[in-house]
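Coordinates in review
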Amino acid sequence: MSSLPNPYLPSLARILEVVVETPDIKSFRVELCDEAARESFTFEPGQVAQLSVFGTGEATFVINSPPTRREYLQFSVMRVGEVTGRLHMLQAGDKLGLRGPLGNHFPYQDMRGKDVVFVAGGIGMAPLRTLLLFMLDNRGDYGRIRVVYGARGPANLCYRQEMEAMRDAGQIELILTVDQKSPDWAGQVGLVPNLLMELAPPADNCVAVTCGPPIMIRYTLAALEKLGFADENVVTTLERRMKCGVGLCGRCNVGGTLICVDGPVFTRAQLKALPDEF
Ligand SMILES: Cc1cc2nc3c(=O)[nH]c(=O)nc-3n(C[C@H](O)[C@H](O)[C@H](O)COP(=O)(O)OP(=O)(O)OC[C@H]3O[C@@H](n4cnc5c(N)ncnc54)[C@H](O)[C@@H]3O)c2cc1C
């Protein structure tokens, strides 16, 4: 894997395109300005980068385009505060800083030959998208792929058209759900963990990959346990705030574990070994 030369120094990147995904999520398709850096930049599915808006600060985002597609690096950003608010004001042609790739990655090698169930809520679909597209680009290596994805309402479902196209092409089985009924929604209504229980994917030879708001994760982990998923076969990616990204500042530690270098991807078995403060 090739990272940028100095892990503290952001490289200049150019925004090629901005896609409005939902009222509060935009996807930024970017490329490194330096051609040699662009050519040698490699990463693994699940790794993150720090994006900086000059004069404002930097924040962590997963690279949600897979390494198998090299036209651009995509980051989907939910607007929640200072940096993300400023990022949302940027347009195609604008420049930003990029530090990465950082962190570990999804254990996709261990998932070969297995079925996979993705379980996501809200912006939590962003990291899972990387792995999903990576698996579709290596389709023969994986078994059935099921996706259970929920958001507050239909307008808040990120990548909806893209995922419906995958379903229509027979690449994935898809359950989209929203929290409450609305006139513009004819699909499922209900919470993600409940829909997961109804789907009841067999735990045999299956890996579950989940990301979303903490409350969703809590009930999803409980549902997976009821369905018989072993802790080693449940993988999640944490969005705990990180600063330096290279294991030096200690701002993202849980006990002796540094989320920025030991994570953000963990199996449930690894999470259970972390101190209770998590
Ligand atoms: C490994 C990792 C991957 C991530 N990937 C993505 C991604 O792909 N897309 C995306 O939109 N976001 C992602 N995030 C979250 C993103 O980093 C934060 O939303 C961002 O740092 C907020 O910056 P801000 O300056 O806009 O918010 P601030 O102005 O600093 O804060 C605004 C509000 O958001 C809260 N907040 C900020 N960061 C976090 C956080 N990490 N967890 C919980 N609450 C927080 C603050 O407490 C505050 O209430 C990821 C975070 C991590 C650690």
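This is a predicted model, so every value here is computed, not measured.

The subject of this paragraph is the domain arrangement of the chain. The domain boundaries assigned to the chain delineate domain 1 (11–102) and domain 2 (115–237). Here the C-alpha centroids of domain 1 and domain 2 sit 24 Å apart. Contacts between the two partners involve 19 residues from domain 1 and, on the opposite side, 16 residues from domain 2. Interface area, domain 1 with domain 2, both sides summed: about 1,400 Å², of which 61% is carbon and sulfur. When residues of domain 1 are sorted by the area they lose upon contact with domain 2, Pro45, Asn64 and Arg69 head the list and together hold 28% of the total. Mapped by element, the contributors of at least two residues to the side of domain 1 that touches domain 2 are strand 1 (11–22), strand 2 (25–32) and strand 5 (73–78). At 3 residues, the largest contribution of residues to the side of domain 1 that touches domain 2 is made by strand 5. Split by residue class, the side of domain 1 that touches domain 2 holds 8 nonpolar, 8 polar and 3 charged.

Two numbers describe how helix 3 (residues 125–136) lies on helix 4 (residues 160–168): the axes approach to 13 Å, and their chain directions differ by 30 degrees. Regarding the angle of helix 3 to helix 4, the classification is roughly parallel. As for how helix 3 packs across helix 4, the hand of that crossing is left-handed. Residue-level inspection shows Met125, Arg129, Leu132, Leu133 and Leu136 of helix 3 in contact with helix 4, the latter providing Glu162, Met163 and Met166. Of the residues belonging to the contact of helix 3 with helix 4, the class tally is 6 nonpolar, no polar and 2 charged.

Most of strand 6 (residues 95–102) is tucked away: 7 of the 8 residues are buried. In the sheet, strand 1 pairs with strand 6 via 4 bridges, with the strands oriented antiparallel. Directly across from Ala13, in strand 6, lies its bridge partner Leu96. Where strand 3 (residues 48–53) and strand 6 come together, 4 bridges link them in antiparallel fashion. Counted as the bridge partner of Gln50 is Arg99 from strand 6.

The next point concerns the environment of Gly247. With respect to the element layout, Gly247 can be found in the loop between strand 12 (234–237) and strand 13 (253–254). Residues Gly247 and Glu225, spaced 22 residues apart in sequence, show a C-alpha to C-alpha distance of 32 Å. Residues within four places of Gly247 in sequence aside, it is in contact with Leu258, Cys260 and Val261.

A separate point is the packing of helix 5 (residues 192–199) against helix 6 (residues 214–226). For the pair helix 5 and helix 6, the least separation of the axes is 8 Å and the interaxial angle reads 15 degrees. Relative to helix 6, helix 5 is oriented roughly parallel. You can see that helix 5 and helix 6 cross each other, and the crossing is right-handed. Every residue of helix 6 that contacts helix 5 at Val192, Pro193, Leu196 and Met197 is listed here: Met216, Tyr219, Thr220, Ala223, Leu224 and Lys226. By residue class, the composition of the contact of helix 5 with helix 6 is 8 nonpolar, 1 polar and 1 charged.

Gly100 connects to Pro101 through a cis peptide bond whose omega is 0 degrees. With respect to the element layout, Pro101 can be found in strand 6. The linkage connecting Gly263 with the following residue, Pro264, adopts the cis geometry, with an omega of 10 degrees. Position of Pro264 among the secondary structure elements: in the loop between helix 7 (259–262) and strand 15 (265–267). Although it is not a glycine, Tyr159 adopts a positive phi angle of roughly 60 degrees. Take Tyr159: it is sitting in the loop between strand 8 (145–151) and helix 4.

Sheet strands pair via backbone hydrogen bonds, and the direction of the pair is either parallel or antiparallel. Read from one edge to the other, the open sheet built from 7 strands follows the order 10-9-8-7-11-12-15, with strand pairing classed as mixed. Edge positions in the open sheet fall to strand 10 (188–189) and strand 15, since each of these has one partner strand only. Alignment of strand 11 (residues 206–211) against strand 12, held across 3 bridges, turns out to be parallel. Residue Thr210 lies in a different strand from strand 12, and its bridge partner there is Thr236. The strands that helix 3 touches are strand 7 (115–121), strand 8, strand 11 and strand 12; relative to strand 7, the one it contacts most, it runs at about 155 degrees.

How each quantity is defined
- Residues numbered from 1 in each chain as written.
- Predicted model: local features only at pLDDT ≥ 70, side-chain atom pairs only at ≥ 80, totals over all residues.
- Heavy atoms only, no water.
- Domains from an automatic or database assignment.
- Contact = heavy atoms within 4.5 Å.
- Buried area = accessible area lost by both parts, 1.4 Å probe.
- Helix = DSSP H or I, 4+ residues; strand = E, 2+ residues; numbered from the N terminus.
- Nonpolar A, V, L, I, M, F, W, Y, C, P; charged D, E, K, R; others polar.
- Axes fitted to C-alpha atoms, helices over the stretch in contact; angles between N-to-C directions.
- Parallel < 35°, antiparallel > 145°, perpendicular 65-115°, else oblique.
- Left-handed = near helix turned anticlockwise from the far one by under 90°.
- Buried < 20%, exposed > 50% of the residue type's maximum accessible area, 1.4 Å probe, protein only.
- Pairing = 2+ DSSP bridges.

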